[in-house]
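Read off the chains here:
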Amino acid sequence: MLKRQHVDPGLYRDAMSRYAGHVQLVTTILGDEKRGVTITAACSVSDNPAAVLVCLNNSNEKNHVFFKSGIFALNALGAHQQHVADAFSGRTHLDAAARFAAARFETLVTGAPVLSDALAAFDCKVTDIKEMSTHNVIFGEVVGVRYGELRPALIYMNRDYHTL
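Residues numbered from 1 in each chain as written. Predicted model: local features only at pLDDT ≥ 70, side-chain atom pairs only at ≥ 80, totals over all residues. Heavy atoms only, no water.

**Q** For this particular structure, what's the right way to read unusual backbone geometry?
**A** Negative phi is the rule for most residues except glycine; trans is the rule for most peptide bonds. Asn48 connects to Pro49 through a cis peptide bond whose omega is 5°. Among the secondary structure elements, Pro49 is positioned in the loop between strand 4 (42–47) and strand 5 (50–57). In this model, Asn158 sits at a positive phi of 55°, which is unusual for a non-glycine residue. Relative to the assigned elements, Asn158 resides in the loop between strand 11 (154–157) and strand 12 (160–163). (Helix = DSSP H or I, 4+ residues; strand = E, 2+ residues; numbered from the N terminus.)

Listed below in structure tokens is the structure:
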């Protein structure tokens, strides 16, 4: 049996900073409370049935709305939306109302806010949530899809934005 060894969290974060990730905005709503977070930890799970997953920090108290709402939208950001990524990343220290005022949103099926000009948007119903130490992995069945113009994608690598 292998002895469990823990990797230093700082070393891990430094190594992961070299891992390119598509910048995405995950959003939800519960009653009057809207929440959006810029993330790179999201991916496709299946195409039949269509499903995605997103990873959210479970130590941020504001993320509770994702864990209770039962819905979310995953919005793929383009290079033209770096200001949106910054607004929802916390870099600009905007409150929720100001963040959502930084872009145009609409809804598809679930009522979760969908970015109007996202490269692609996946409207989802939560099917499962798994707690994994510092993060929760939220699985969603895709119940609506919309995609926009073909434009360069916004990528995050080496702790900075890039385009592809």
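**Q** When you look at the pairing of strand 10 (residues 135–147) in this model, what are you seeing that I'm missing?
**A** A regular strand places its side chains on the two faces of the sheet in alternate fashion. In terms of strand pairing, strand 5 meets strand 10 through seven bridges, oriented antiparallel. Paired with Asn57 across the two strands is His135, which belongs to strand 10. Of the strand pairs in this sheet, strand 9 (residues 120–132) and strand 10 are connected by 12 bridges, and their pairing is antiparallel. Looking at strand 10, one finds that Ile129 is bridged to Ile138. Where strand 9 hands over to strand 10, the hairpin turn is made up of two residues, of which Ser133 adopts a positive phi near 45°. (Pairing = 2+ DSSP bridges.)

**Q** Even after reading the chapter, I still don't get the pattern of salt bridges, so can you show me in this structure?
**A** Opposite charge on two side chains allows them to pair when their charged atoms are near. This structure, assessed with the given rule, holds five salt bridges. Between Arg91 and Asp86 there is a salt bridge, with the nearest N and O atoms lying 3.3 Å from each other. With relative accessibility at 17%, the residue Asp86 sits in the buried group. Glu106 serves as the salt-bridge partner of Arg146, at 2.7 Å between the closest nitrogen and oxygen. Here the residue Arg146 occupies a position in strand 10, and Glu106 occupies one in strand 7 (residues 105–106), the gap between them amounting to 40 residues. The class of Glu106 is partly exposed, set by a relative accessible area of 33%. (Salt bridge = Lys/Arg side-chain N within 4 Å of Asp/Glu carboxyl O. Buried < 20%, exposed > 50% of the residue type's maximum accessible area, 1.4 Å probe, protein only.)

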